[in-house]
Amino acid sequence: MSGSKTYPFWFGGVATCFATLCTHPFDVVKVQLQTNEAKLRKSDPGAFKTLNNIVKRNGWRCLYDGLSGSLFRQATYSTTRFAIYDIIKGQLSDNQGRLSILNASFASIVSGVIGGVVGNPADVVMIRMANDRKLPLAERRSYRHVFDGFIRITREEGIKCLFRGVYPNMVRAIAVTSSQLASYDQIKQVLQFRVGWSDDFRTHLVCSLLAGLVATTVCSPVDVIKTRVMNSPKRLGAILTMTKMFKNEGARGFFKGWLPSYMRLGPHTLVTFLTLEKLRQWHDGR
């Protein structure tokens with residue numbers, strides 16, 4: 001990525017917000033699949049059928065339910081984790097801009113924990129908005145936008161509810177940062193210093209695609225648990241939710257929504273890093 005150079009802290013947030021505009025529909029599909037507690041395989045509609053059912057019932061516009069929450073989440077969560085990761089990376093990289101796996105892991109853990117906490121309130125609202133149309137009319141929350149969600153959750157359920165699922169969210173944030181930012185850096189270092197590729201579009205493209213694949217697979221189990229905890233009207237903890245899922249749905253339940261997750265996180269990672277690299281090139285005057 002940037003080696004020891006420093007860039008404006010908001011570059012990561014801008015890049016991820018732009019990516020979110022392109023991939024949010026897959027987030028809606030992913031959330032609705034992950035909240036499906038069906039035990040039998042035949043009861044799980046799958047990504048494309050879920051997408052078709054959503055559009056058939058509510059029209060194309062509903063694929064952007066919760067967009068304000070998703071954008072606000074990226075503006076807080078991703079801005080924070082990218083900024084802190086880059087600060088730590090700048091301190092721990094060698095003279096050639098290379099970062100060891102151990103130092104990359106340390107940067108991922110610190111930035112993931114802080115980013116997960118900062119972005120949790122918007123994540124709660126986004127998940128509820130994205131899943132709202134799936135609920136019976138009497139149970140729908142009908143938040144108008146992310147700030148309406150903040151106000152109503154605080155009034156109706158208490159401010160602590162905005163931090164429901166914060167622990168699995170922190171774990172997911174660490175996993176995402178490690179498997180996305182750190183893997184992007186490590187893959188890029190291999191391609192540049194061992195294979196001899198240049199710091200160009202081809203390198204950015206390959207690194208982004210591989211980082212997206214790694215991130216989706218690593219994060220899927222934590223993402224499903226986080227979604228269930230945040231969407232639940234009851235105060236079920238992560239451990240209880242995980243135990244209940246394993247008992248009722250088996251190991252496969254932890255990978256529900258993997259395809260829409262990759263359909264979302266793969267392109268999201270691609271657009272994020274290509275945009276981020278362009279912003280950095282623009283900043284460097286290239």
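Remember, it's a predicted structure, so these values are computed and weren't measured experimentally.

### Here we look at helix α8 (residues 238-249)
Okay, so step 1: Between its first and last C-alpha atoms α8 spans 16 Å; for 12 residues at 1.5 Å apiece the expected length is 16 Å, and the two agree.
Okay, so step 2: For α8, the secondary structure elements touched by its buried residues are α7 (201-231).
Okay, so step 3: Two residues or fewer after α8 comes Gly250, characterised by a positive phi angle close to 75°.

### What to know about the UniProt feature "repeat: Solcar" (unreviewed entry) in the protein
Okay, so step 1: UniProt feature "repeat: Solcar" (unreviewed entry): in the numbering of this structure it lies at residues 3-91, 99-190 and 199-282.
Okay, so step 2: What you have in residues 99-190 is 74% helix and 0% strand, and the ends, taken at the C-alpha atoms, are 11 Å apart.
Okay, so step 3: Across residues 199-282, helical content stands at 81% and strand content at 0%; the span's end C-alpha atoms are separated by 14 Å.

### A word on empty space enclosed by the protein
Okay, so step 1: Counted by the stated rule, this structure contains three cavities of 30 Å³ or more.
Okay, so step 2: When its volume is computed, the largest cavity comes out at roughly 70 Å³.
Okay, so step 3: Secondary-structure elements contributing two or more residues to the lining of the largest cavity are α7 and α9 (258-284).
Okay, so step 4: Broken down by element, the lining of the largest cavity gets its largest block of residues, five residues, from α7.
Okay, so step 5: Partitioning the lining of the largest cavity into residue classes produces three nonpolar, three polar and four charged.
Okay, so step 6: Reported here for the second largest cavity is a volume of approximately 60 Å³.
Okay, so step 7: In this structure, the second largest cavity is lined by Arg73, Gln74, Tyr77, Arg81, Arg172, Val176, Gln180, Arg264, Leu265 and His268.
Okay, so step 8: Elements supplying a minimum of two residues to the lining of the second largest cavity: α3 (67-92), α6 (166-195) and α9.
Okay, so step 9: By residue number, the principal contributor to the lining of the second largest cavity is α3, which donates four residues.
Okay, so step 10: Per-class residue counts for the lining of the second largest cavity are three nonpolar, three polar and four charged.

Quick notes on the rules
- Residues numbered from 1 in each chain as written.
- Predicted model: local features only at pLDDT ≥ 70, side-chain atom pairs only at ≥ 80, totals over all residues.
- Heavy atoms only, no water.
- Helix = DSSP H or I, 4+ residues; strand = E, 2+ residues; numbered from the N terminus.
- Expected span 1.5 Å × (residues − 1).
- Contact = heavy atoms within 4.5 Å.
- UniProt positions renumbered as here; feature names shortened; annotations may be inferred.
- 1 Å grid on protein atoms, 1.4 Å probe; cavity = no way out; pocket = protein on both sides within 12 Å on 5 of 7 lines; lining within 4 Å.
- Points joined across faces, edges and corners; volume = space filled by probe spheres on them.
- Nonpolar A, V, L, I, M, F, W, Y, C, P; charged D, E, K, R; others polar.

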